[in-house]
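What follows is each chain in one-letter form.
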Amino acid sequence: MFFIDFRCKDYFHITFVRNSRYIFTFDPNRAMEMVRNKYFALFVLTSLACMSFHGFLMGQRISGSATLRLHDDWEERIYSISQLEIFEDTTNCLVLEDIIQPRFQQQFKIRPGSSKKNFNTDYTYWVKLSIQKFPDSQRDWYMEFYDQSIDHIEAYTPLKSGSYFLTIMGDGLPFKNRLFAHKNFHVKIDNKQEGISNYYFKVNSSQKADIRIAVRSVNRFVHYALSEYFLYGVFYGMILIISLYNLLVFLAVREMKFLYYIFYLLSVGLYATSVDGIGFQYLWPDYPTINGWVNGVFSFSIVFWAVLFTFRFLNTKRKAPIFHKLLGLSLVVKLCMFLAGILIDEHYYDLSYVDTVPFLLIFGTGIYLLAKGNKAARFFVLAYGALFLGAVIKVLVNTAWVEHSTLGYYSLHLAFLVEMVLLSFALGDRIKIMKDVRDKALKRSLEQYKVNISLKEKVNQELESKVMERTSELEKKNRILVQYNEQLIEKDREIKRINSLLDKDNWKLKSAVKDSLRARLVNTNLTFNEFKIIFPDKSACSRYIESMKWEDQFTCRQCGKHKCSDGPKIFSKRCTKCGYIESVTAGTIFHGVRFPLEKAFYIAYSSVSEGKPYTLEEIGDLLDLNKNTVWAFRKKVTDLIQKKGLIHPKWEDIILEEQLEIKN
């Protein structure tokens, strides 16, 4: 026999094998001149004919331990991985030349206990399928690989000449390279020549592959494909319809849980397209690299929006705080795995069993709130119960813990459909419950309103009677008040006369007090205790300075205007013209003093006193001040006296600095 390698588009090799032994490789591009020799050409043609006949005989004789016979009596045969002849190549080095040798055929064995979970992503798997042809068949036959997520498949199809035609398939290639515009992989069976033919498949995949091959007629394929795509259309159509319905509800009620539910539904639809291969066929057919990570992205999106929807729908933060924290933690874990899949290794996307944790927590949260009497969680629990059951079945099927079946394969789709319907019921039920609560509250409000109206009428009648009684009493008392008012007017005149006399006496008294204060200050022999009685605190000192500065009128130190208002601090003034704020000590000898003002008053008084002079130490001990502080302020007073040229200074002469300078 011989086989042709078409792996390079620019040339091909023809390899001759006899009795499964390598003879030589014929390269037409290197032997063009040899072909011109007619004897050599005759030799080549004869050799090709002999090899073809011998290959035909070998194809008849070499067959697998389980041979499928094509016949029109049946439409379809499906072989699982436990029913196929498989060889596990741990070296990843074997090629077709090694595989087709007769002594190697015994390496192909059917392993009944084999399943998808035994698939090792580090090895290469060779699959052999022996088919007995039936040329009289009225049907065309095809082989189909169910698992559309397999990365790389090399299909070696036997030709009439005994060679093999190589077809490369897998989700690592653009979608347009497939035989049919279908999500699965197909290989045509040449049924024109009678005999047994061996088909070889080389399988490599970065994730666990379900090597399941279906041999079916084209009629069965068309019926199966149309039915399957019709159901897909129903499934995705329901997702779009329910999403559109909830979008309209969201625009009407403006509640975020409806928006979260829409994103959740869209994530479910996109995840389903990536799992089914529909997304690769219709959404990203020219970008096969997306197939490696799209499942992880959409699965994370499902978990993300499902958790947010649960937060809003069940109000877990207030009603179930422990479950709220656990759901948040599960979302953080899923986010970490998602980032690990992006940044570290895409195999983190394959840990689909981790996705059951947040859904289990969502299911448990619903059960917890339902047990506490939250009626809105009824359909929610049923919805996520159905989804959780479908997800568990799907995970068990994917990990080969459960035998593959059509119901198991589409369990997640069915669960999503049931969940979508039940969650729509849950949202409607929640609205109904809220409407019932609102109606009950409105009914209670109406009843209370009727009670209030009756009470109001009763109270009004009582008030009217009371008002009439009070009116008569008030009229009687009003007449009494008129009499009292006349008496008060007469008394008011008398009081005004007395007040005028008191104002006059008060003015005289103030003048006498001011004269007495000035007389006492003129007395230069006051002791500290006597001085302290006149100026006991800072307020007394500030009030005295204020009377000296602004007794006549206020004059702004900036603009010279006289109108002012009270400043932000006590005893300060603000110019209404320029806004300048002047403190009471500004322009006096006490401006900038950093010790109590009443003590500064006494130091200034002792500087002009004619009594016994005090030393710095005595004044410091008397006032509890530092000697240097006393000396510095006394020197300030002495300098002012010298500057003004006062021989016998008085107390009032040393208070104001600038006004005295202006006068001088």
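Whatever comes next refers back to the structure up there.
The structure displayed is predicted, hence computed values, not measured ones.

Novice: So what about the pattern of salt bridges? Which residues, and what values?
Specialist: Side chains bearing opposite charge may pair, as long as their charged atoms lie close to each other. Counted under the stated rule, the structure contains 15 salt bridges. Of the charged contacts in the structure, one is a salt bridge between E76 and R216, with a shortest N-O distance of 2.4 Å. You can see E76 sitting in strand 5 (residues 76–79) and its partner R216 sitting in strand 14 (residues 213–217), a full 140 residues away along the chain. Residue classification places E76 among the partly exposed residues on the basis of a relative accessible area of 21%. Taking relative accessible area as the criterion, R216 reaches 1% and is therefore assigned buried.

Novice: Quick rundown of the sheet that holds strand 5? Include the residues and the values.
Specialist: Read across the open sheet, the 4 strands follow the order 5-14-9-12; overall the sheet is antiparallel. The open sheet has two free edges, formed respectively by strand 5 and strand 12 (185–189), since each of these has just one partner strand. Mean inter-strand twist for the sheet, computed between neighbouring axes without regard to direction, equals 20°. Pairing geometry for strand 9 (residues 141–145) and strand 12, over 5 bridges, is antiparallel. Residue pairing for strand 12: F145 is matched across the bridge by F185. Against the sheet, helix 4 (residues 218–253) contacts strand 5, strand 9, strand 12 and strand 14, and its axis sits at roughly 110° relative to strand 14.

Novice: Hey, could you go over helix 16 (residues 597–608) for me, with residue numbers and the actual values?
Specialist: For helix 16, which comprises 12 residues, the first-to-last C-alpha distance of 17 Å matches the rise-based estimate of 16 Å (1.5 Å per residue) to within 8%. Of all 12 residues making up helix 16, 9 are buried, and the element is well covered by its neighbours. Of the positions making up helix 16, those classed as buried are L597, A600, F601, Y602, I603, A604, Y605, S606 and V608.

Novice: If you had to explain the packing of helix 7 (residues 294–314) against helix 9 (residues 321–343) to someone new, which residues and values would you point to?
Specialist: Taken N-terminus to C-terminus, the directions of helix 7 and helix 9 make an angle of 165°; their axes are 10 Å apart at the nearest point. Accordingly, the angle class assigned to the pair helix 7 and helix 9 is roughly antiparallel. Relative to helix 9, the crossing made by helix 7 is left-handed. Taken together, the residues of helix 9 that come into contact with helix 7 (itself represented by G296, V297, S299, F300, V303, F304, V307, T310 and F311) are H324, L327, G328, L331, K334, L335 and F338. Of the residues assigned to the contact of helix 7 with helix 9, the class counts are 10 nonpolar, 5 polar and 1 charged.

Novice: Kindly report on the packing of helix 15 (residues 538–550) against helix 16, identifying the contributing residues and their values.
Specialist: In a pair of packed helices, the angle between the axes and the distance between the axes together describe the arrangement. Between helix 15 and helix 16, the least distance of the axes is 7 Å, while the angle of their chain directions is 60°. With respect to helix 16, the axis of helix 15 lies oblique. Touching K538, C541, S542, Y544 and I545 of helix 15 are L597, E598 and F601, all from helix 16. For the contact of helix 15 with helix 16, the per-class residue count stands at 5 nonpolar, 1 polar and 2 charged.

Novice: Account for the environment of R212, naming residues and giving values.
Specialist: Structurally, the position occupied by R212 is in the loop between strand 13 (196–204) and strand 14. In this structure the C-alpha to C-alpha distance between R212 and Y146, which are 66 residues apart in sequence, comes to 5.8 Å.

What counts and what doesn't
Residues numbered from 1 in each chain as written. Predicted model: local features only at pLDDT ≥ 70, side-chain atom pairs only at ≥ 80, totals over all residues. Heavy atoms only, no water. Salt bridge = Lys/Arg side-chain N within 4 Å of Asp/Glu carboxyl O. Helix = DSSP H or I, 4+ residues; strand = E, 2+ residues; numbered from the N terminus. Buried < 20%, exposed > 50% of the residue type's maximum accessible area, 1.4 Å probe, protein only. Pairing = 2+ DSSP bridges. Axes fitted to C-alpha atoms, helices over the stretch in contact; angles between N-to-C directions. Contact = heavy atoms within 4.5 Å. Expected span 1.5 Å × (residues − 1). Parallel < 35°, antiparallel > 145°, perpendicular 65-115°, else oblique. Left-handed = near helix turned anticlockwise from the far one by under 90°. Nonpolar A, V, L, I, M, F, W, Y, C, P; charged D, E, K, R; others polar.

So yeah, pure geometry; function would need other evidence.
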